[in-house]
There are 6 protein chains.
Amino acid sequence: MQTNMMAEMTWVEYLRRLQTEQQTVLLPVGALEQHGYHLPMGTDHFLPTAICKGVAERIPAIVAPPIAYGYKSQPRMGGGNHFPGTTSLDGGTLTLVVRDIIKELGRHGGKKLAVMNGHCENLFFAIEGIDLALRDLRFEGITDLKIVRFDYWDFTTPATLDKCFPDGFPGFALEHAAVLETSMGLHVFPDLVRIDSLVDDPAAVFPPYDVHPARTEWVPPSGVLSPAKGASAEKGKMLFDEYVDRISEALRKEFVETDK
Amino acid sequence: MQTNMMAEMTWVEYLRRLQTEQQTVLLPVGALEQHGYHLPMGTDHFLPTAICKGVAERIPAIVAPPIAYGYKSQPRMGGGNHFPGTTSLDGGTLTLVVRDIIKELGRHGGKKLAVMNGHCENLFFAIEGIDLALRDLRFEGITDLKIVRFDYWDFTTPATLDKCFPDGFPGFALEHAAVLETSMGLHVFPDLVRIDSLVDDPAAVFPPYDVHPARTEWVPPSGVLSPAKGASAEKGKMLFDEYVDRISEALRKEFVETDK
Amino acid sequence: MQTNMMAEMTWVEYLRRLQTEQQTVLLPVGALEQHGYHLPMGTDHFLPTAICKGVAERIPAIVAPPIAYGYKSQPRMGGGNHFPGTTSLDGGTLTLVVRDIIKELGRHGGKKLAVMNGHCENLFFAIEGIDLALRDLRFEGITDLKIVRFDYWDFTTPATLDKCFPDGFPGFALEHAAVLETSMGLHVFPDLVRIDSLVDDPAAVFPPYDVHPARTEWVPPSGVLSPAKGASAEKGKMLFDEYVDRISEALRKEFVETDK
Amino acid sequence: MQTNMMAEMTWVEYLRRLQTEQQTVLLPVGALEQHGYHLPMGTDHFLPTAICKGVAERIPAIVAPPIAYGYKSQPRMGGGNHFPGTTSLDGGTLTLVVRDIIKELGRHGGKKLAVMNGHCENLFFAIEGIDLALRDLRFEGITDLKIVRFDYWDFTTPATLDKCFPDGFPGFALEHAAVLETSMGLHVFPDLVRIDSLVDDPAAVFPPYDVHPARTEWVPPSGVLSPAKGASAEKGKMLFDEYVDRISEALRKEFVETDK
Amino acid sequence: MQTNMMAEMTWVEYLRRLQTEQQTVLLPVGALEQHGYHLPMGTDHFLPTAICKGVAERIPAIVAPPIAYGYKSQPRMGGGNHFPGTTSLDGGTLTLVVRDIIKELGRHGGKKLAVMNGHCENLFFAIEGIDLALRDLRFEGITDLKIVRFDYWDFTTPATLDKCFPDGFPGFALEHAAVLETSMGLHVFPDLVRIDSLVDDPAAVFPPYDVHPARTEWVPPSGVLSPAKGASAEKGKMLFDEYVDRISEALRKEFVETDK
Amino acid sequence: MQTNMMAEMTWVEYLRRLQTEQQTVLLPVGALEQHGYHLPMGTDHFLPTAICKGVAERIPAIVAPPIAYGYKSQPRMGGGNHFPGTTSLDGGTLTLVVRDIIKELGRHGGKKLAVMNGHCENLFFAIEGIDLALRDLRFEGITDLKIVRFDYWDFTTPATLDKCFPDGFPGFALEHAAVLETSMGLHVFPDLVRIDSLVDDPAAVFPPYDVHPARTEWVPPSGVLSPAKGASAEKGKMLFDEYVDRISEALRKEFVETDK
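So, here is what we can say about the structure in this document. Here the structure is a predicted model, which means the values were calculated and not measured. (Residues numbered from 1 in each chain as written. Chains lettered and ligands numbered in written order. Predicted model: local features only at pLDDT ≥ 70, side-chain atom pairs only at ≥ 80, totals over all residues. Heavy atoms only, no water.)

A few words now on the relation of the copies chain E and chain F. Superposition record for chain E on chain F: RMSD 0.0 Å, screw rotation 180 degrees, translation along axis 0.0 Å. Here the two chains are linked by the operation of a two-fold rotation axis. Taking C-alpha positions as reference, the residue of chain E nearest the rotation axis is Thr93 of chain E, located at 3.2 Å. Taken as a fraction of all interface residues of chain E, those also at the interface in chain F reach 100%, which identifies the copy contact as same-surface. (Least-squares fit on C-alpha atoms with pLDDT ≥ 70 in both. Contact = heavy atoms within 4.5 Å.)

Structure (structure tokens):
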């Protein structure tokens, strides 16, 4: 049985790939968060998991089970944590989950790990988890685990953005459940996109600050921060392929040096 | 699009089911743990997730994304945490994950939650997560979330055990990657069972105590604690159907009272 | 002054026994928990402490002060944490107490530790405390502390159970404040057993799941989970002597290997 | 069976005394710490427990099991934590133990609690535990638990100190395993005082600062900070009786107001 | 004595301003972090503190003592945490500091708080601190504290950026110890800017990912991420005045609604 | 630019002083706490910071940014934490702040650290922070950081107390916002002392115990625990100079040994 999913492997298959073949482990970190009336709540873990699978077909890699629950949604990034359905962890909890998983990968003898984030709000808690894991691994005498960490959308090229947004890219800030994610969804999990429920609200307008407790009236009722109208499966494929290409290339480059 | 998986729903679909239809939420709690040469490492979260899906087809229910990483494997229960591949959380981390998820379900207005455990070692850390969540929810003024918690195997009937073990049931203690789990796997994820790799080691023999650090020589090299030889898809189906039946019935009974 | 209790020793006496004579340290872990109308609330730390004292008269050993407060009582194990008098720690607190004490014993130069549990609910939190202590000790460069951990009742032999339960042993599950603990109490602390207050309620009947918040109506008002009527000091002595014998033997065996 | 020790009571006896008779609960907080060549390591929990028992014979009170492990010994207070035998908790651990126990007493319906400290280093961690417990109890809606907290030696009168130290009292700072504690020991647990091992070292001399890691050469090898030579059982009885008298009186006074 | 600094006020002055005059409290959150060869390590707390003082002269406000230690520097944002001098807190520590301070302001009766961040890496840990504080305050029954949170640079207008960067603004990403901060420093603390030590390294070039442990060779030896050459006190004054103006206006607007 | 304040240095200046010149780092730990009607709330961090500056002019030393928020005020030490304005951290938070800062200083290569406390209640939480930092540094292989810790007032000589209190020194216990601190304030920050608001309440009288929740009626309304009437700038200068002298001498003595 051929699989790149760690959970589907037996431990001896995993061990051979990790230690003998020195394969990279890919860890998708996502969220369970409202994504408007048209995208499923798992979008932020479905997308990085799919990209990880794509990468694992290019470079020899193992995909660890995704972290499906992420940090609290922020109004200006994902609509805010007041939506029913959005199911978030405290920051410290997410940090510990990331820390513990990485420490185990280090114990297994892993040398190459990529942490792929699919939910903006996770950023710093994942970084802290990585830092604490490397600290504890140092204490165990393990110093040769190298970790590459990124938000997958940072691999988007300007050329692709131009194609996705013929009228100009409004910036990543409001791209929640909007053109990019919807296009990706139409390519990766078309059956889960309720395209008929796509509303055409105008983009949200935020001041340059947060208010806590959240000013929920600033967020469109759907939870979509800017119109998803231009989304298409073609754009999704283009984005997806670019992510897989460029991320595979980056990891190959980074981890070749490790091999030397 | 019809689905019972929370991550596949939009937030409004979830909200309608949770609040309007007063559906139950099912939370599978599992592990990523060695399961011998023949079962995938995800067995402990695959099985409760599958049972949850089965239950959700019987009673109106929503299946939350499984907790795929669990507490550290213990030699006498799951072979021990020294195996490569076994990827575990600290006890406190697991408790916080369970706590945070449940608090969010309470915030959403959930009244009926079932926590289905598929990895023995999770037991008390999940209980503590439930207790801490209910405590914090009380502080928020939410006192009407009712939680049913169980290890799915506790729903096995003696009659079924008799059929699975014609020579007598040796007890749950050594049933790690053995007849029950292997049979269930052959029914639920047959493609992931490497039946040819099934070894026929004798059952492990443990004294009535643990030793820390683990006496790894007490555990068979495969990680299987007792022979899986009698496993079959038929037994798996019988077990699976019984779990779905009896758990559905129990939840229906418990939560009907809540509705009153 | 001759004593095996660590708290009664001066530090130089302790040091001599620990380092020069390489004695074992025994740590009783218990609880303060309702035990029906007839047993004292300290039962779960009185009994393991008494057994530890008994063991220390057989093998050269030092008995550390018992941990007198344990994890929250569960309805199906100890009646539940809603009883007044039951005084419990959060799981994380108990883990830290166990961790800190063991780290100190490691710092003292201890090589042989037995953690004897007397309260079912403590199980995993004590295991986690042991794991975290050994982790920190590794970081300090201390790797030669060997820990044996057990629930004392796991040393009961079938032969003894037969004698205690002439009509058949109903299983450990409901043995809270019942025949075994009451018999032990009549042997170990007879003055503290209010034998006249022993009620003859039928055994509690539980479904194969918990409900949180606890369904307190499932628990007999006394807090006793199954009838203690057959209890006697003779049975208590038989059990006690067997525990002391078999535990002493197990520790001698385990720790002799350490000495080599 | 008549006892004031909570662990020796059944839960119904405790409940009656706590709720019906509105008795005070006394919680001794101590340590397991070197006390020179002549005093047992449990001195800091033996003494406050004995005083609590004495108080409970004067005012109707219940003595909870002592906290037998305390905060790390400091060189200028208790000789330092480098001594073998001294077995200490992290500060955060002690705080959580105190917090959890007090929260439970509040849950039981307790209104009157006295926390008696017998180990100088515990002071602030116990205060923090009290503060956190009262915070959580407020969140539960419980606001009528009143707690009196003290170090028992703060009840010593100048007149008694004059009698104990005919040549002048050198101050509490160096009174570790010295005249006061040794006298108390000769009165309370005479069999555990190795009076022949009492050394006559001069008092330790410390600068007005700590050094970390500890300058262990500043501490006498015995661990005694000033000579215990003038100690006697008579002085011990005088001190003990005064503590019992004055503490009983203080609690009666404080808690009478509560009753009103 | 006239001051807007909370630490310089007596408690009664503070109380009058907070409760009677309903003034806003401003909390600067910064860092102690390398800022190249020419800027002081306190830059990230000096600047927001100065802006807060400026704001407090426009709207009636109280400036709380700045949080002078922040989260770990990241290579792509602040050069990385490997530089000597950079003195950072764990993420969880920073969160707790923010949480505790805000809870106290809520206890004092504060209704209006602005948290001004001056160190990019603090972002999410401060958000989490705010969230946890509001949670605990809710538990205390306090629900009327409104918090505005921002990174001060988000108030920069395009017009001002055009003036600061006549050749085009390269983006905030590499603005560490570069034109904006250096200009601000020349205006706010000119004596602390070692203008002669300003190096003219080319801007750092980063791939779209992190590597952990940090690839320190990616960061210029000075720690400056892009050239500060165009910096001037005039630009600094222009930026500073704009921040004070626009932030004062935003707070006035947000908190007027609170007053209603 | 000549400065001894770490936050005002560039990282290379700091590095040269720390590593090449082996200078001592001084860390002031204070509080934000009511100090009566006449002293500013920052008194407890202003004073140790000023003394640190004075010491840094005598011995080559670097003054780290003060910790401006301390542990909760206690009625018998600082009037209690119920006063508006008093802004305190949980004990665990303060411990983590101290721990994290010290770990960073150890990472920088610091060998000599003095932690100067200016707020009585911080004592044990700072000690615990030091202990945890040294523990983690040991795990990193760093064992040569030596830390001197003290409360600055412990350097007061009897001769100086005689001059400050011609009628006899009543003891440090009630010296909150009283003669010593007021005199120091008149010398160090005369513009911030509202000398006209000095009230002449009698000294507070406390029993030898705390009550929780605090008996606020025991504390004078001003928050001053004993009369400050005899305070003067001259006394303040005398105290300040003595602290600088004696602390400089102590550090020189302690750290010379380190250099050898």
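It is worth spelling out the relation of the copies chain A and chain E at this point. Mapping between the two chain copies consists of a rotation about an axis together with a translation along that axis. Aligned on chain E, chain A shows an RMSD of 0.0 Å; the corresponding rotation is 180 degrees and the shift along the axis is 0.0 Å. By residue overlap, the copies meet face to face through one surface: 100% of the interface positions of chain A are interface positions in chain E.

Right, let's talk about the packing of helix 5 (residues 123–139) of chain A against helix 5 (residues 123–139) of chain E for a bit. Packing of helix 5 of chain A against helix 5 of chain E leaves a shortest axis separation of 8 Å and a crossing angle of 105 degrees. The pairing of helix 5 of chain A with helix 5 of chain E is recorded here as roughly perpendicular in orientation. Along its contact with helix 5 of chain A, which presents Phe124, Phe125 and Glu128 of chain A, the element helix 5 of chain E presents Phe124, Phe125 and Glu128 of chain E. Looking at the contact of helix 5 of chain A with helix 5 of chain E residue by residue, the class counts come to four nonpolar, no polar and two charged. (Axes fitted to C-alpha atoms, helices over the stretch in contact; angles between N-to-C directions. Helix = DSSP H or I, 4+ residues; strand = E, 2+ residues; numbered from the N terminus. Parallel < 35°, antiparallel > 145°, perpendicular 65-115°, else oblique. Nonpolar A, V, L, I, M, F, W, Y, C, P; charged D, E, K, R; others polar.)

The interface is formed by 39 residues belonging to chain A together with 40 residues belonging to chain E. Summing both sides of the interface, chain A and chain E together bury roughly 3,200 Å²; the carbon and sulfur share of this comes to 55%. Looking only at chain A, the three residues that lose the most surface to chain E are Phe124, Tyr209 and His212 of chain A, adding up to 22% of its buried area. Between chain A and chain E we count ten salt bridges in total. At the surface where chain A touches chain E, the tally comes to 18 residue pairs in polar contact (both at pLDDT 80 or more). Elements supplying a minimum of two residues to the side of chain A that touches chain E: helix 3 (75–78), helix 4 (91–108), helix 5, strand 4 (146–151), strand 5 (210–212) and helix 8 (233–259) of chain A. Per-element tally for the side of chain A that touches chain E: the top contributor is helix 5 of chain A, with nine residues. (Buried area = accessible area lost by both parts, 1.4 Å probe. Salt bridge = Lys/Arg side-chain N within 4 Å of Asp/Glu carboxyl O. Polar contact = N/O pair within 3.5 Å; in protein donor to acceptor, adjacent residues only side chain to side chain.)

It is worth spelling out the interface of chain E and chain F at this point. Counting residues at the interface gives 54 residues for chain E and 54 residues for chain F. For the pair chain E and chain F, the summed buried surface comes to about 4,100 Å²; carbon and sulfur atoms form 63% of the total. Looking only at chain E, the three residues that lose the most surface to chain F are Trp11, Tyr69 and Arg194 of chain E, adding up to 17% of its buried area. Linking chain E with chain F are four salt bridges. Where Glu13 of chain E meets Arg194 of chain F, a salt bridge forms, and the shortest distance between an N and an O atom there is 2.6 Å. Listing elements by their share of the side of chain E that touches chain F, those giving two or more residues are helix 1 (11–20), helix 2 (43–58) and helix 4 (91–107) of chain E. For the side of chain E that touches chain F, the element with the most residues is helix 4 of chain E, which contributes eight residues. The residue makeup of the side of chain E that touches chain F, split by class, is 28 nonpolar, 17 polar and nine charged.

In this section: the packing of helix 4 (residues 91–108) of chain C against helix 4 (residues 91–108) of chain D. The relative placement of two packed helices is expressed as an angle between their axes plus a distance between the axes. At their nearest, the axes of helix 4 of chain C and helix 4 of chain D sit 9 Å apart, and the two run at 140 degrees to each other. Judged by the inter-axis angle, helix 4 of chain C sits oblique to helix 4 of chain D. As for how helix 4 of chain C packs across helix 4 of chain D, the hand of that crossing is left-handed. Contacts between helix 4 of chain C and helix 4 of chain D involve Thr93, Leu96, Val97, Arg99 and Asp100 of chain C from the first element and Thr93, Leu96, Val97, Arg99 and Asp100 of chain D from the second. Its residues placed into classes, the contact of helix 4 of chain C with helix 4 of chain D shows four nonpolar, two polar and four charged. (Left-handed = near helix turned anticlockwise from the far one by under 90°.)

Time to look at the pairing of strand 4 (residues 146–151) of chain D. For strand 4 of chain D, a buried count of six out of six residues is recorded, marking the element as mostly surrounded by other parts of the structure. The two faces of strand 4 of chain D match: Lys146, Val148 and Phe150 of chain D on one face and Ile147, Arg149 and Asp151 of chain D on the other face are all buried. With six bridges joining them, strand 3 (residues 112–117) of chain D and strand 4 of chain D adopt parallel strand pairing. Across the sheet, the residue bridging to Asn117 of chain D is Asp151 of chain D, located in strand 4 of chain D. Note that the unit made of strand 3 of chain D, helix 5 (residues 123–139) of chain D and strand 4 of chain D has a crossover that is right-handed. With three bridges connecting them, strand 4 of chain D and strand 5 (residues 210–212) of chain F associate as antiparallel partners. Residue Val148 of chain D lies in a different strand from strand 5 of chain F, and its bridge partner there is Val211 of chain F. (Buried < 20%, exposed > 50% of the residue type's maximum accessible area, 1.4 Å probe, protein only. Pairing = 2+ DSSP bridges. Right-handed = clockwise from strand over helix to strand, strands pointing away.)

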